[in-house]
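Fold and contact review
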Amino acid sequence: MRLGTIAFLAGILILHALPELPVRDWAATLPVALLIAVLVPRSRLLAWGAAGFLWALWWASPPALLPAELEGADLQIDGWIASIPDREYRSVRFEFSVDRAMRDERPVASLAGQRLRLSWWDDAESDDAPTPESRPELRVGDRWRFAARLKRPHGLSNPGGFDYERWLYAKGIVATGSVRTQPSLHLLAQADRYPIDRYRQQIAENFARLLPGNPFVGVLVALAIGEEGGITPWQWDVFNRVGVGHLMSVSGSHIGLVAGMVFALTWGIWSWIPALALRWPAARAAAVAALGGAGGYALISGLSVPAQRSFLMVAVAMLALVAQRPAAPSRILALALLVVLVVDPSAPLLAGFWLSFGAVAVILYSVSGRWREDRLLGQTVGLQIDITLALLPPTLVFFQQFPLLSPLANLLAIPWVGCTVLPLSLLAALIEPLSATAQSALLELAALTMDGLWQILAWLDRLPGMVLYRPAPPLWTLAFALPGVALLLAPRGSPSRWLGLPLCLPLLWPPAVAPEPGGFWVTLLDVGQGLAAVVRTQNHALVYDTGPRLGATLDAGRAVLVPFLRQQGIARVDALLISHADKQHTGGVRSLRESMPVAQVLTSSLEATPIDGAESCRAGQAWEWEGVQFRILHPPTHGFSGDDASCVLQVEGAAGRVLLPGDIETRAEAALVATYGTGLAADVLIAPHHGHRDLSAQGFLDAVHPRYILFATGYRNRFGYPRPETVARYSATGAVLLDTAYEGALTFRLEPGQPLAPPEGYRHDRRHYWTAP
């Protein structure tokens, strides 16, 4: 069964790796694969793998269920709020289960029964826009009629970045969109569905009401009901850098802890009452109660993958105890894995799946036959080190960072959270119907204990050099690292155990890839409606603009730029050039400077972009890195302001030139042509101002004469960039036009002695079947 489950998982992974889905009719052969798995022992593993592939194919949602002609159209949708609304200052987001959709009084059958992710934004420029206080109360399970505009699932597509489209697909969401306030919306029914989620929302609201302004209320809510939206990004940063992020929401260890507490409490009470103990053994009664307690906690936690896995393991173990039949831990884990995959074949798309099952597998591997009660403390410390070491491969693959303090932090945080913060939070949730005073007291005590833990974690986080940042390792390194980790975790005295370390070296130090001397790589990142580009030589890196803010707590620096730099193995920015003071270009400055050292900052306006240590960029500045020339062509000392004062950067290597003009307009373009003439020539031009109308006069285009023109725009942006008339003018030059909104991050590799090759478009090169076209 154990090998069969692994083969079933492998089959699912093969399907998820495909760029396009096979014909779904192949799923009809699933019964044949299952019969072969049962009746033909020699082909059993192959048949289990085929069964996993076909099962995932059967459940795979065909991409782009929303017809292209419906994108941006005004629709009327009836249905139910299907998740706890996530509120920010100017917006609220929630999932919506569609019952009926209409367009111009005609039904849209493709949306019926589907799940959407909707946002309701306040328009700061509109006097009649609803404020957070005046917006109608949104509660999970209520039936509403909304006017909405939808679009296909589409996220930013960059190396090292979060795959939003994969996340949406794994959650079964077929479209995203925004709620419109006109025509007016209608509440059709209250408490019509999802009673458990309504109870979860009530708990979250009560916690926030009883602890107003407390910075840790989001953590307490996450521990009680698994809703993580209240934990701030800076709190997540600290938790993840010290390696305890898995403890700050409902995890498998929390489910096990609840089951253990219920088991111990029931066993004690049952044993003290002779009539009960004689009627049924206390251990069996405690097992049934523990199963109920674990199931109840898993339900109110939202049934995340770690909760499902832990509950299934508890269920198998408790049922085996009731039936008085021993169950091997490895078989319990395999059964839990198989059930999770059958229920949700998309679960392996989430990092939590691998970290959750990986941690439990390591615990079983490390303690089986080796656990001695007389060495409890030493073995507990050793187990934390084993877990940290074993999770090194998936952590580096998914996050490109590894917290070296994780064993120490977890040794402190696991008992702290498990014995104080978690029980107090759960008691506060359970006691709500009985006493508001007692609930408030429990919450204040839980927040106080969490504050104490936070002080320790924050101190550990301030220690220098305690997070190992590495480039994203190639997947082939896992073929060496996983056996290497298994050897390192083997019992002392095992033969060839020393081979584990060299097998892990390719994972920790993957082959270095960098431009040749005289060559450079330039990447225009997909940051939505904004601009961020990275120019890399053999030993240096320059960042040109940092993209926009992406919400109240997120910006392109944190979400796109820093993950890209780390994925590329860049630990230091040698020059940061901010073209001008525009929020679409400066949104990620703070996140970038907080995340890695920046040696030099240049900007066109020191007054409008006050950055410590910044210097003015002025025409005539130039420098050279490894045979690559960098020249500032604009602005001069006087005569330009606003967009026309953007810093214009020309990069020239042995294989060609790239021109980055910021948001200059026609006046600045004319000045550049008058000053440099054909010296503006470049192979690659980033379109000024994202393709704004009435830009790029013919004289400027003739002087630059680019082979490629790149647009940095947001998918279906509200400005309509790039404008059709601008696209037509650029197309007339004969250049190839590319847009990050549809291509993802675009990378040109200009290497000495090689012709300029077409760029690498991340969206197409790393395409999966759920990726938007």
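Whatever comes next refers back to the structure up there.
A quick note: this is a predicted structure, and the numbers were derived from the prediction, not measured.

What counts as what
- Residues numbered from 1 in each chain as written.
- Predicted model: local features only at pLDDT ≥ 70, side-chain atom pairs only at ≥ 80, totals over all residues.
- Heavy atoms only, no water.
- Helix = DSSP H or I, 4+ residues; strand = E, 2+ residues; numbered from the N terminus.
- Rg over C-alpha atoms; globule rule 2.2 N^0.38 Å.
- Buried < 20%, exposed > 50% of the residue type's maximum accessible area, 1.4 Å probe, protein only.
- 1 Å grid on protein atoms, 1.4 Å probe; cavity = no way out; pocket = protein on both sides within 12 Å on 5 of 7 lines; lining within 4 Å.
- Points joined across faces, edges and corners; volume = space filled by probe spheres on them.
- Nonpolar A, V, L, I, M, F, W, Y, C, P; charged D, E, K, R; others polar.
- Pairing = 2+ DSSP bridges.
- Salt bridge = Lys/Arg side-chain N within 4 Å of Asp/Glu carboxyl O.
- Disulfide = S-S within 2.5 Å.
- Core = buried A, V, L, I, M, F, W, Y, C linked by side-chain atoms within 4.5 Å.
- Contact = heavy atoms within 4.5 Å.
- Phe/Tyr/Trp six-rings, centres within 6.5 Å; stacked < 30°, edge-to-face > 60°.

Regarding its fold elements, the protein chain presents 27 helices and 25 strands. By the compact-globule yardstick of 28 Å for 773 residues, the protein chain fits well, its C-alpha radius of gyration being 29 Å. C-alpha extents for the protein chain along the principal axes are approximately 100 × 70 × 60 Å. Buried residues in the protein chain amount to 50% of all 773 residues.

On inspection of all chains with the given rule, the structure shows 3 cavities of 30 Å³ or more. A volume near 40 Å³ is recorded for the second largest cavity. In terms of lining, the second largest cavity is formed by Val522, Thr523, Leu524, Val658, Val684, Ile686, Leu710, Leu746 and Phe748. Listing elements by their share of the lining of the second largest cavity, those giving two or more residues are strand S11 (520-524), strand S21 (684-686) and strand S24 (746-750). With 3 residues, S11 is the largest single contributor of residues to the lining of the second largest cavity. Here the lining of the second largest cavity is built from residues that sort into 8 nonpolar, 1 polar and no charged.

Let us now look at the pairing of strand S3 (residues 91-103). Among the 13 residues of S3, 10 are classified as buried, and the element is accordingly described as predominantly covered. Note: strand S2 (residues 86-87) against S3, 2 bridges, orientation antiparallel. By the bridge assignment, arginine 87 is partnered in S3 with valine 92. As paired elements, S3 and strand S5 (residues 115-121) share 7 bridges and run antiparallel to each other. From the neighbouring strand, arginine 93 faces S5, where its bridge partner is serine 119. Sheet topology places S3 next to strand S4 (residues 106-107); 2 bridges connect them, and they run antiparallel. For methionine 102, the partnering residue across the bridge sits in S4 and is proline 107. Count of turn residues in the S3/S4 antiparallel hairpin: 2 residues, of which aspartate 104 carries a positive phi of about 50 degrees.

Right, let's get into unusual backbone geometry. Looking along the chain, the bond that leaves histidine 634 and enters proline 635 is cis, with omega of 10 degrees. Its location among the elements puts proline 635 in the loop between strand S18 (628-634) and strand S19 (648-653). Non-glycine residue aspartate 545 carries a positive phi angle of around 65 degrees. Considering the arrangement of structural elements, one finds aspartate 545 in strand S13 (residues 541-546). In this structure, arginine 716 is a non-glycine residue whose phi angle is positive, near 50 degrees. With respect to the helices and strands, the residue arginine 716 is situated in the loop between strand S22 (708-711) and helix H25 (724-731).

This structure, assessed with the given rule, holds 21 salt bridges. The salt bridge partner of arginine 115 is glutamate 95, with a shortest N-O separation of 2.6 Å. A residue pair is termed long-range when its members are at least 10 positions apart, and arginine 115 in strand S5 and glutamate 95 in strand S3 qualify at 20 residues. Residue arginine 115 is classed as partly exposed on the basis of its relative accessible area of 25%.

Taken as a whole, this structure holds 1 disulfide when the rule is applied. Note that cysteine 617 is cross-linked by a disulfide to cysteine 647, the S-S spacing being 1.7 Å. Here cysteine 617 and cysteine 647 share a disulfide; its torsion about the S-S bond, -80 degrees, makes the bridge left-handed. One end of the pair, cysteine 617, is in the loop between strand S16 (615-616) and strand S17 (622-625); the other, cysteine 647, is in the loop between S18 and S19, with 30 residues separating them in the sequence. Residue cysteine 617 is classed as buried on the basis of its relative accessible area, which comes to 0%. By relative accessible area, which is 0% here, cysteine 647 ends up buried.

The next subject is the nonpolar core. Core analysis: the largest hydrophobic core is formed by 56 residues, its most contacted members being Phe207, Phe239, Val244 and Met248. For this core, the elements supplying multiple residues, two or more each, are helix H5 (195-210), helix H6 (217-225), helix H7 (233-242), helix H8 (252-272), helix H10 (282-300), helix H11 (305-323), helix H16 (406-430) and helix H17 (436-462). With 10 residues, the single largest contributor to this core is H17. Setting aside anything within four residues of it in sequence, one finds phenylalanine 207 in contact with Val217, Leu220, Val221, Ala224, Ser425, Ala428, Ala429, Gln439 and Leu443.

A sheet is described by the order of its strands in space; here 8 strands give the open sequence S16-S15-S14-S13-S12-S11-S24-S25, paired in mixed fashion. Pairing within the sheet leaves two strands with one partner each, and these edge strands are S16 and strand S25 (760-761). As paired elements, S11 and S24 share 5 bridges and run antiparallel to each other. The partner of phenylalanine 520 across the bridge, within S24, is leucine 750.

Glancing now at the environment of leucine 468. With respect to the helices, strands and loops of the structure, leucine 468 is situated in strand S10 (residues 467-469). In this structure, the C-alpha to C-alpha distance between leucine 468 and glutamine 529, residues 61 residues apart in sequence, is 32 Å. The contacts of leucine 468, once residues within four sequence positions are left out, are Gln400, Gln401, Phe402, Leu404 and Leu508.

Applying the stated criterion across every chain yields a total of 21 aromatic pairs. Ring geometry for tryptophan 144 and phenylalanine 146: centres 5.4 Å apart, planes at 10 degrees, overall stacked. Take tryptophan 144 and phenylalanine 146: they sit in the same class, and that class is buried. Geometrically, the ring pair formed by phenylalanine 719 and tyrosine 721 is stacked, given 5.4 Å between the ring centres and 20 degrees between the ring planes. Ring pairs connect the aromatic residues Phe216, Trp234, Trp236, Phe239 and Trp454, which therefore count as one cluster.

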